[in-house]
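Structural characterization, general
Listed below are the residues making up each chain.
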Amino acid sequence: AADAFQQAISLDQNYVEAWVNGALAMALAEKHDEAVKSFDKALSLRRDDPFIWEQKGHSLYRLKRYRESADSYTESLRLKSDNAKLWIMKGMSLHMAEDFEAACGSYDMALTLEAENAAALVNKRSSLKKLRRHREIVDVADRYLAVAPNDRNALSDKAVAQAALGEHDKALITYDAAIKL
């Protein structure tokens, strides 16, 4: 694949698809630094392609360059905002960059597109825990438990939040439900 990429590029430096396909091949080979460079070249030729921005975001995430990853996802979403998975990926990048408030906003955007999206609910709960927003943790856990009622982690998170809110009787009932699973 790398040889075909190089051959196509040698024939035409402005062949966007060759840059993108080469970057994808590098990303699959876990050569994310090189992939990002090729995605950048592709974007210099075609800035309005949400797919390229998304794929660049994935490689940046794998490189643990979380803020840059979130920025790439933002560009992709600016061009095509109806992608719940991408809103979740942006939220995960922001969470890893320790911007928990912004992460929650991204998860909320995903949830406006898919109200019962389990990944958005789980990840939002994780960011809310970092923010110590216990009432919201209970609410999000309840939404998730409506979809996955036998999830011990959601029940445990809910019980801890209830206890933090001083709702000890409710917390004991929730802990008991988690233990019985």
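In this report, we go over the structure that sits alongside the text. What you see is a predicted model, and the numbers here were worked out from it, not measured in a lab. (Residues numbered from 1 in each chain as written. Predicted model: local features only at pLDDT ≥ 70, side-chain atom pairs only at ≥ 80, totals over all residues. Heavy atoms only, no water.)

**Brief notes about the overall build of the protein chain**
Looking only at helices and strands, the protein chain has eleven helices and zero strands in total. Element order for the protein chain, N to C, with α for helix and β for strand: α-α-α-α-α-α-α-α-α-α-α. A compact globule built from 181 residues would reach a C-alpha radius of gyration of about 16 Å, whereas the protein chain, at 20 Å, exceeds it by more than 25%. Scored against the burial criterion, the 181 residues of the protein chain give a buried share of 44%. A separation of at least 24 residues holds for 41% of the contacts in the protein chain among residues at least 6 apart in sequence. (Helix = DSSP H or I, 4+ residues; strand = E, 2+ residues; numbered from the N terminus. Rg over C-alpha atoms; globule rule 2.2 N^0.38 Å. Buried < 20%, exposed > 50% of the residue type's maximum accessible area, 1.4 Å probe, protein only. Contact = heavy atoms within 4.5 Å.)

**Points about the pattern of salt bridges**
Once the charged atoms of two side chains with opposite charge are near each other, the side chains can pair. Counted by the stated rule, this structure contains 18 salt bridges. Glu30 is the salt-bridge partner of Arg62, the closest N and O atoms lying 2.9 Å from each other. In this pair, Arg62 sits in helix 4 (residues 50-62) while Glu30 sits in the loop between helix 2 (16-28) and helix 3 (32-45), placing the two residues 32 residues apart along the sequence. Under the relative-accessibility criterion, Glu30 is labelled partly exposed at 45%. Residues Lys180 and Asp176 are paired through a salt bridge, measuring 3.1 Å at the closest nitrogen-oxygen approach. By relative accessible area, which is 65% here, Lys180 ends up exposed. Accessibility expressed as a relative area gives 36% for Asp176, which makes it partly exposed. Within this structure, Glu17, Arg46 and Asp49 form a network of salt bridges that share partners. (Salt bridge = Lys/Arg side-chain N within 4 Å of Asp/Glu carboxyl O.)

**Topic: the nonpolar core**
Core analysis: the largest hydrophobic core is formed by 28 residues, its most contacted members being Tyr73, Leu86, Ile88, Ala110, Ala120, Leu121 and Leu128. Among the secondary structure elements, those contributing two or more residues to this core are helix 5 (66-79), helix 6 (84-96), helix 7 (100-113), helix 8 (118-131), helix 9 (134-147) and helix 10 (152-164). When residues no more than four places from it in sequence are discounted, the contact partners of Leu128 are Cys104, Arg133, Glu136, Ile137 and Val140. Val16, Met26, Ala42 and Leu43 belong to the second-largest nonpolar core, a separate cluster that totals twelve residues. (Core = buried A, V, L, I, M, F, W, Y, C linked by side-chain atoms within 4.5 Å.)

**Side note on the packing of aromatic side chains**
What describes a pair of aromatic rings is the distance from one ring centre to the other and the angle between the planes of the rings. In this structure the tally under the stated criterion is one aromatic pair. Seen in terms of ring centroids, Tyr61 and Tyr66 are 5.1 Å apart; in terms of plane orientation they differ by 65°. Their pairing is edge-to-face. Exposure class is identical for Tyr61 and Tyr66. Each is buried. Positioned above the aromatic ring of Tyr144 is the side chain of Arg125, whose terminal nitrogen or guanidinium carbon lies 5.6 Å from the ring centre. (Phe/Tyr/Trp six-rings, centres within 6.5 Å; stacked < 30°, edge-to-face > 60°. Lys NZ or Arg CZ within 6 Å of the ring centre and 35° of its normal.)

**Focus: the environment of Arg143**
The topology assignment puts Arg143 in helix 9. Placed 18 residues apart in sequence, Arg143 and Ala161 show a C-alpha to C-alpha distance of 15 Å. In this structure Arg143 touches Leu111, Ala115 and Leu121, once residues within four positions along its chain are discounted. There is a polar contact of 3.0 Å between the side chain of Arg143 and the backbone oxygen of Ala115. (Polar contact = N/O pair within 3.5 Å; in protein donor to acceptor, adjacent residues only side chain to side chain.)

**Section: the packing of helix 5 against helix 6**
In the contact formed by helix 5 and helix 6, the axes pass within 8 Å of each other and the chain directions differ by 155°. It follows that helix 5 is roughly antiparallel to helix 6 by the angle criterion. Both helix 5 and helix 6 take part in a crossing whose hand is left-handed. For the pair helix 5 and helix 6, the contacting residues are Tyr66, Arg67, Ser69, Ala70, Tyr73, Thr74, Ser76 and Leu77 in the first and Leu86, Trp87, Met89, Lys90, Ser93, Leu94 and Met96 in the second. Residue composition of the contact of helix 5 with helix 6, grouped by class: nine nonpolar, four polar and two charged. (Axes fitted to C-alpha atoms, helices over the stretch in contact; angles between N-to-C directions. Parallel < 35°, antiparallel > 145°, perpendicular 65-115°, else oblique. Left-handed = near helix turned anticlockwise from the far one by under 90°. Nonpolar A, V, L, I, M, F, W, Y, C, P; charged D, E, K, R; others polar.)

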